[in-house]
Amino acid sequence: MADYLVRAMGFNGQVRAYAISSTETVEEARRRQDTWATASAALGRTLTISVMMGAMLKGEDKLTVKIEGDGPIGAIIADANSKGQVRGYLKNPHVDFDLNKKGKLDVAKAVGTSGTLSIVKDLGMRDHFTGQVPIVSGEVSEDFTYYFANSEQVPSAVGAGVLVNTDHTILAAGGFIVQMMPGADEDTTAEIEKRLSEIEPISKMVQDGKTPEQILEAVLGEGNVQFLDTMPVEFKCHCSRERVEMAISSLGDDEIQRMIEEDHGAEAKCHFCNEDYHFDIKALKQLQSSPS
Ligand code: ZN
């Protein structure tokens, strides 16, 4: 089934909520980045939450998530927009550990337990927003929960789960974000907290193949959710040969001449999708403003 996201309100508008199935999106990232299991889970959780954060934006707005922990995978970067498109990568994809004591992929060990989580929102002409918090757990979901509470002052519950097959492909991925709206009453907050402490872990829900709608009903309780709309979700990179050409042109004729004479061509790789762009001497000459 194709990935999608559902938007909802809960408890008569006191809560806004998002849930997503992201199996194909995470699998596409894994395939492109060749991530090993623990790294796939770290990147997959980040992509899953980033898409939902993107869905909170409007129009052409977009955001970049950067998790810089002290673990072996190095920095994780993800870009998301308001249209359900996300792309992302991490520095060292070949990281895999034994399962942790709870029998789960040891994401905290891969990410690290100290460092920073930062979010840059590009709100077009209007504004730029940057928020940064310290990493509090390295499990990703908890770090976003902390980010929402402390950087955006929105009490939130965040869950993301990624399950990996023995051949390293992605078995299932998904998640949710539940946020208290201003003026939400204490009873609602208390009920959601109680539910969150009792429900099965998101990884189990994802493994059981629960739909985004079913995930929200599990988190908020059947009858407490009003679904608003759904949106397709996909891994999509915005790089193109034209953009790489522009970047090379901007280096200037002298530098391009050096590439022609010393390197006999140029290679560029997109970090986000691992696409290779090759330029031979003829192609490079065409990028010089005054061909020599
Ligand atoms: Zn790309």
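Only a predicted model underlies this, so the values are computations on that prediction, with no experimental measurement involved. (Residues numbered from 1 in each chain as written. Predicted model: local features only at pLDDT ≥ 70, side-chain atom pairs only at ≥ 80, totals over all residues. Heavy atoms only, no water.)

Focus on the coordination of the zinc ion
Protein coordination at the zinc ion comes from C237 (SG), C239 (SG), C270 (SG) and C273 (SG), with a distance range of 2.2 to 2.3 Å. For the zinc ion, the 4 donor atoms are set out with angles of 101 to 114 degrees between them, so the coordination reads as tetrahedral. Positions of the donor residues of the zinc ion along the chain correspond to the pattern C-x1-C-x30-C-x2-C. With C239 in the loop between strand 11 (234–235) and helix 8 (241–249) and C273 in the loop between strand 12 (266–269) and strand 13 (276–279), this pair connects stretches of sequence that are 34 residues apart. (Donors = N, O, S within 2.8 Å, 3.2 Å for Na, K, Ca; no water. Tetrahedral: all angles 85-135°; square planar, octahedral: opposite > 155°, others 65-115°. Helix = DSSP H or I, 4+ residues; strand = E, 2+ residues; numbered from the N terminus.)

Some remarks on the domain arrangement of the protein chain
By the assigned domains, the protein chain splits into domain 1 (4–235) and domain 2 (241–287). One C-alpha centre belongs to domain 1, the other to domain 2; they are set 36 Å apart. Each side of the interface is counted separately: domain 1 has 8 residues, and domain 2 has 5 residues. Each partner contributes to the roughly 620 Å² buried at the junction of domain 1 and domain 2, and carbon and sulfur atoms together form 53% of this total. It is R32, R87 and Y89 in domain 1 that bury the most area against domain 2; as a group they hold 71% of the surface buried on that side. Taken together, domain 1 and domain 2 are joined by 1 salt bridge. Our count for the contact surface shared by domain 1 and domain 2 stands at 4 residue pairs in polar contact (both at pLDDT 80 or more). Examining the composition of the side of domain 1 that touches domain 2, we find that 3 residues originate from one element, strand 5 (residues 85–90), more than from any other. Grouping the constituent residues of the side of domain 1 that touches domain 2 by class yields 3 nonpolar, 2 polar and 3 charged. (Domains from an automatic or database assignment. Contact = heavy atoms within 4.5 Å. Buried area = accessible area lost by both parts, 1.4 Å probe. Salt bridge = Lys/Arg side-chain N within 4 Å of Asp/Glu carboxyl O. Polar contact = N/O pair within 3.5 Å; in protein donor to acceptor, adjacent residues only side chain to side chain. Nonpolar A, V, L, I, M, F, W, Y, C, P; charged D, E, K, R; others polar.)

As for the sheet that holds strand 6 (residues 115–123)
If you trace the 6 strands from one edge of the open sheet to the other, you get 7-6-3-4-5-11, paired in mixed fashion. Each end of this open sheet is capped by a strand with a single partner; those strands are strand 7 (127–134) and strand 11. Of the pairings in the sheet, the one linking strand 3 (residues 62–69) to strand 4 (residues 76–81) comprises 6 bridges and is antiparallel in character. Note that in strand 4 the partner of K62 across the bridge is N81. (Pairing = 2+ DSSP bridges.)

Quick notes on the environment of V15
Within the secondary structure layout, V15 lies in strand 2 (residues 15–21). According to the relative accessible area criterion, V15 is buried, its value standing at 0%. With near-sequence residues (within four places) excluded, V15 lies in contact with A8, M9, G10, V178, Q179, M180, M181, T188, I192 and L220. (Buried < 20%, exposed > 50% of the residue type's maximum accessible area, 1.4 Å probe, protein only.)

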